[in-house]
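Structural overview for review
Next come the chains, spelled out residue by residue.
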Amino acid sequence: MAEYKWPEEGKRTHIGKRISRIDGPDKVRGKAKYTYDLNRPGMLFGKVLRSPYAHAKIVSIDLSAAEKMPGVKAVKIIQEPGAEIQWAGDEIAVVAAETEGQAEDAMRAIKVQYEKLPHFVNEQNFETIPEANRRKPSEAVNGDPVKAFAESDVVIEGNYGNEIITHCCLETHGLIAEWEDDKNLLVHQSTQSVSANGPQFAQALGMPAGNVRLKMEHLGGGFGSKFPVDRWGIEAAKLSKLAGGKPIKLMLERNSELMVAGSRPSVFAHVKVGAKKDGTITAWESNAWGSGGVGNFNFVGQMPYVIKPADRKEAFTVIGTNTGPQRAWRAPNHPQACLITMAAFEDLAAELKMDPLEFFLKNLSLTGTRANVYRDELMKAAEMIDWKKMWRPRGEGAPGSTKIVKRGLGLSLHTWGGSGHASDCDLTIHPDGSVELKMGTQDLGVGTRTVLNIVAADTLGLPLNMIKVHIGDNRFPVSGGSGGSTTVGGISASTRRAAVDALNIMFEKLAPAMNTTPEKLEAVGQKVQEIGNPSNSMTWQQACAKLGTQPLTTRGKNPGKETLTTGGVGGVQMADVSVDMETGIVKMNNFVAVQDCGLIIDMKTCESQVFGAMIFGVTYSLFEERVMDSQTGKMLNPNMEFYKLAGLSDIGNFKVHMMTGKGYDERGVIGVGEPPTVSPGAAISNAVANAIGVRVPNLPMTPDRVLNALATKGEKKGGKS
Amino acid sequence: MSSSDEGRELLEKEAEKKPDGQNESGVSRRSFLKGTSVALTIPLVVSGEKYVKAAGTEVKIFGPDKVNLTLNINGVAKTASVETRVTLLDTLRNELDITGAKRVCDRGTCGACTVMMDGKPVYSCSVLAIEAQGHKIETVESLAEGDKLHPVQQAFWDNDAQQCGFCTPGFVMATKAMLDKHPSPTPEQVKQNLGGNYCRCGTYHGIKAAVVQASAAYVKEGKGGKRNG
């Protein structure tokens, strides 16, 4: 009798091993088809005309010239005259033509008159933000921070912040929409949400949900920005109808991708922290503001991050700006809160002339239930980066420093939830022994197919190649969108239950023929055999043949019986950097991560998530930021020359250690996409402060910001860049 | 101003003056420039001949209408009919359904569209399709032999040097181009040869390991060491 609970360590055949992703060969060969790659029969190209102004009223739109352009099949207004545009890049009209060039020409031929209105796009300096752009502040108070500060031995204050960054997915947002007939819409969309988006199209278009088919084989990045159907998605479907149902491919241009398809909010804060002489943190106060563009977001409840003294106060003001709306970005709010908190605490440790490792260890009781996990992880990370040997007090320079190039170490800790989302899985065993698995999920690049394959194969006692995995179609059983590290827990649990149910149905049928009872049977090594008496066995093929002519399909669900996925993880990261005091250039030397995420299904792709998150972190710590022009209200770097991503030679030496085994595995499967993305900003900022002797308040720590910070050295601590 | 820019300016002025109105309508500056710049260097057979006077001589121009062209892609002659302004990348992807090379930045920064032209890596978003005529184009689709992956592809797979995979074909091609020339690259050579490709998911750690593995395979098989073509 097969059981739902995950197998013990010694009984895992695939789970936890280092397995190469099953769709890897297709990707390295260029065979994997992304939405952007699809050429549908008779396909037209769609182009969106976007507002050049950050704030304006549409006075008139003239489509007549565009309609007459060669190759044009349909032109449509998205926002009518009279509409008020709130950000540069907002959609005005859309056109479809036979070639991409023709569509671009026609888009440029659309004549729009605007009435320009005043705009506001830069929220970094609180004093310069107009009252009208400050939304109602919110705050939370715990305990008695006023009294706690009065009783503190030492109080420090500082400013810290993160600029707005964008998702910059390599495959831009977009879709191909086509009408199969008057009533049925087929959409190929680049999305993190295969199961949920069909109904969203249907609702927006006023049609039954069952009439929308949505498919996606491969996804070129999402990072939280690809959940919605988006206005351009709906418009593409409408435009296709105008063009007689022909497929319309509408993928965003690179500049639109960076301007309108998602950004991570900025958060800036003035922080006050109190402590006892021995380093015990006693009080926290933060006054923060930040912007998600025209969008709203809630930041209260985030700070201080992970380490929470009983007496604390946090206040936050959302700033509205005339820029594109924010979207979820890998671990929403956590990286910003982590930077501000861990940087302030590290400044406090420096003030007390304490080693931050000892300082954080001392205050671990303030982290709550995961204190022991963090302790183990801090010790492991310290060993991996040789902290004891390498760390020096702030500004002294770690070993290897010269007069010009200073080396420093920094650390940070983080948390995340990551329990599995709702998921349905259909598993079919065919009489010939082959197995199919169907699920309306998607693979952002994390290895979804591989995880499904591993869980099913491990449960059924089969090699990986006997299972065919089908995902990326909303006709398959519903599974949640991929966000918040919820995918691997959800899909593993539903697949495990489907496979266990299938085995138990098989065992019921086979037991009489094997002269035993179902509970005495197990499936291992491509056989069904009696537990403890392997000579009483049947090959997998023989067993499946006994099913008769009908394939056996079971549906597994999450949540369900037995807890197969939980949430709540801890992680620690430590960075070792060198900073050129003359140029302000920061270079990564070493970067280590220690992470727990419960039971690991595929060690190889799991580690890749952590490495990837760290590289993401180096990028947002040192290079990337959205730069807005106050005068024109436009983004100045909506491209990949000036919106900087880290390159191969920017990352230094990375090491990753996953916490596994007793104390971790029994918690079930937990997602890992978000948590390791959280700490890099803080760890790297702390390392830079340790190296150069002064805090660079804001990320990214570009040379100008580093040099500005150095210029304030000796002045009041925590100066603003 | 470079000499080619001067040439373009001249051509543009001439075209504006042309009394017979050959370039009156439907010729945007962009398509005109792309057409003329190529006309200066590559002789082509096209329908609808047009001439402008440049530096005292009559010069035939191409476009902006579609031209028929033949490209040597992965050893096969492929024909397409595209406007002269269309890039090699878009021709591969939109006309020939060869979609391994990806369009990401579309302006020569990210390397996702990398293909080989006469054995050298090029950004196919920055090569016009008509310029690619007469050259040997190799895309990522040409590397594997049946089910057997090229050592670079195998190394990328083995070392999980890919997540979403959208940058992967470009990286694979850039890595192959590097190893063809430098089978045992120094860190500096890796930096120079792969510095023109970007990944967003953060697979550089795996890519570094993949380069090591692929390099070992090159050395073992005695591959590379001189530039192809």
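Residues numbered from 1 in each chain as written. Chains lettered and ligands numbered in written order. Predicted model: local features only at pLDDT ≥ 70, side-chain atom pairs only at ≥ 80, totals over all residues.

1. Quick look at the overall build of chain B
Helix and strand counts for chain B come out as seven helices and seven strands. The secondary structure elements of chain B, listed N-terminal to C-terminal, are α-α-β-β-β-β-α-β-β-β-α-α-α-α. Among the 229 residues that make up chain B, the fraction classed as buried is 52%. Expressed as a percentage of contacts within chain B between residues at least 6 apart in sequence, the contacts between residues at least 24 apart total 61%. (Helix = DSSP H or I, 4+ residues; strand = E, 2+ residues; numbered from the N terminus. Buried ≥ 20, exposed ≤ 12 C-beta atoms within 10 Å, placed from the backbone. Contact = placed C-beta atoms within 7 Å.)

2. So, the nonpolar core
The nonpolar side chains of soluble globular proteins are, as a tendency, buried together. Val-95, Ala-96, Val-273, Ile-340, Ala-456, Met-574 and Val-688 of chain A are the most contacted members of the largest nonpolar core, which totals 270 residues. In contact with Ala-456 of chain A, other than residues within four places in its own chain, are Leu-427, Val-435, Leu-437, Ile-467, Thr-495 and Ala-499 of chain A. (Core = buried A, V, L, I, M, F, W, Y, C linked by C-beta atoms within 7 Å.)

3. Overview of the sheet that holds strand S4 (residues 84-85) of chain A
Residues and elements named next belong to chain A. As summarised here, the arrangement of the three strands in space is S4-S2-S6, forming an open sheet in which the pairing is antiparallel. Strands with a single pairing partner mark the edges of an open sheet, and in this sheet they are S4 and strand S6 (111-116). The pairing of strand S2 (residues 56-62) with S4 spans two bridges and is classified as antiparallel. Along S4, the bridge assignment pairs Ala-56 with Ile-85. (Pairing = 2+ DSSP bridges.)

4. Topic: the environment of Leu-503 of chain A
Residue and element names in this part refer to chain A. Of note, Leu-503 is situated in helix H13 (residues 487-510). The exposure class of Leu-503 is buried, given the 27 C-beta atoms found within 10 Å. For the pair Leu-503 and Ala-2, spaced 501 residues apart in sequence, the C-alpha to C-alpha distance is 6.6 Å. Those residues in contact with Leu-503 that sit more than four places away from it in its chain are Ala-2, Leu-460 and Ala-523.

5. Describing the interface of chain A and chain B
Each partner contributes residues to the interface: chain A has 48 residues there, and chain B has 48 residues. Residue assignment for the side of chain A that touches chain B shows that the elements contributing at least two residues are helix H1 (24-28), helix H3 (100-109) and helix H15 (603-622) of chain A. At nine residues, the largest contribution of residues to the side of chain A that touches chain B is made by H15 of chain A. Its residues assigned to classes, the side of chain A that touches chain B comprises 21 nonpolar, 16 polar and eleven charged. (Nonpolar A, V, L, I, M, F, W, Y, C, P; charged D, E, K, R; others polar.)

6. Remarks on the packing of helix H4 (residues 151-158) of chain B against helix H7 (residues 204-221) of chain B
All names here are of chain B. One way to put it is that H4 packs onto H7 with a least axis distance of 8 Å and a crossing angle of 145°. In the crossing of H4 with H7, the sense of the turn from one axis to the other is right-handed. Of the residues in H7, those touching H4 at Pro-151, Val-152, Ala-155, Phe-156 and Asp-158 are Ala-210, Gln-213, Ala-214, Ala-217 and Tyr-218. (Axes fitted to C-alpha atoms, helices over the stretch in contact; angles between N-to-C directions. Left-handed = near helix turned anticlockwise from the far one by under 90°.)

7. Concerning the confidence of the model for chain A
Here chain A averages 97 in pLDDT, while 99% of its residues score no lower than 70. A low-confidence stretch, residues 717-721 of chain A (pLDDT under 50), is modelled with 20 contacts involving residues beyond four sequence positions or located in other chains. (pLDDT = per-residue confidence, 0-100.)

8. Observations concerning the sheet that holds strand S17 (residues 311-318) of chain A
Residue and element names in this part refer to chain A. With mixed pairing, the six strands of this open sheet are ordered in space as S7-S17-S16-S15-S8-S29. Sheet topology places strand S7 (138-142) and strand S29 (698-699) at the edges, where each strand pairs with a single neighbour. For strand S16 (residues 281-290) and S17, the ladder comprises eight bridges, and the chain directions are parallel. Across the sheet, the residue bridging to Ala-283 is Asp-311, located in S17. Packing against the sheet, helix H8 (residues 334-351) makes contact with strand S8 (154-162), strand S15 (267-275), S16 and S29, and its axis sits at approximately 145° to S8.

9. Some thoughts on the environment of His-182 of chain B
All names here are of chain B. With respect to the helices, strands and loops of the structure, His-182 is situated in the loop between helix H5 (168-181) and helix H6 (187-194). Residue His-182 is classed as partly exposed on the basis of its C-beta count, with 18 C-beta atoms lying within 10 Å. Residues His-182 and Lys-223, 41 residues apart in the sequence, show an inter-C-alpha distance of 9.7 Å.

10. Observations concerning helix H6 (residues 231-242) of chain A
Since the α-helix advances by 3.6 residues per turn, residues separated by three or four positions end up pointing in the same direction. Its twelve residues place the ends of H6 of chain A 16 Å apart at the C-alpha level, agreeing with the 16 Å of an ideal helix rising 1.5 Å per residue. Regarding H6 of chain A, the residues found buried are Trp-232, Gly-233, Glu-235, Ala-236, Ala-237, Leu-239 and Ser-240 of chain A. (Expected span 1.5 Å × (residues − 1).)

11. Here we look at the pairing of strand S1 (residues 44-50) of chain A
Each regular strand displays side chains that alternate between the two surfaces of the sheet. All names here are of chain A. Here S1 lies mainly inside the structure; seven of its seven residues are buried. Residues Leu-44, Gly-46, Val-48 and Arg-50 of S1 are buried on one face, and the alternating residues Phe-45, Lys-47 and Leu-49, pointing to the opposite face, are buried as well. Relative to strand S13 (residues 248-251), S1 is paired through two bridges, and the arrangement is parallel. Its bridge partner being in S13, Leu-44 is matched across the sheet by Ile-248. By the bridge criterion, six bridges tie S1 to strand S5 (residues 91-97) in an arrangement that is antiparallel. Bridging across to S5, Lys-47 finds its partner in Val-95.

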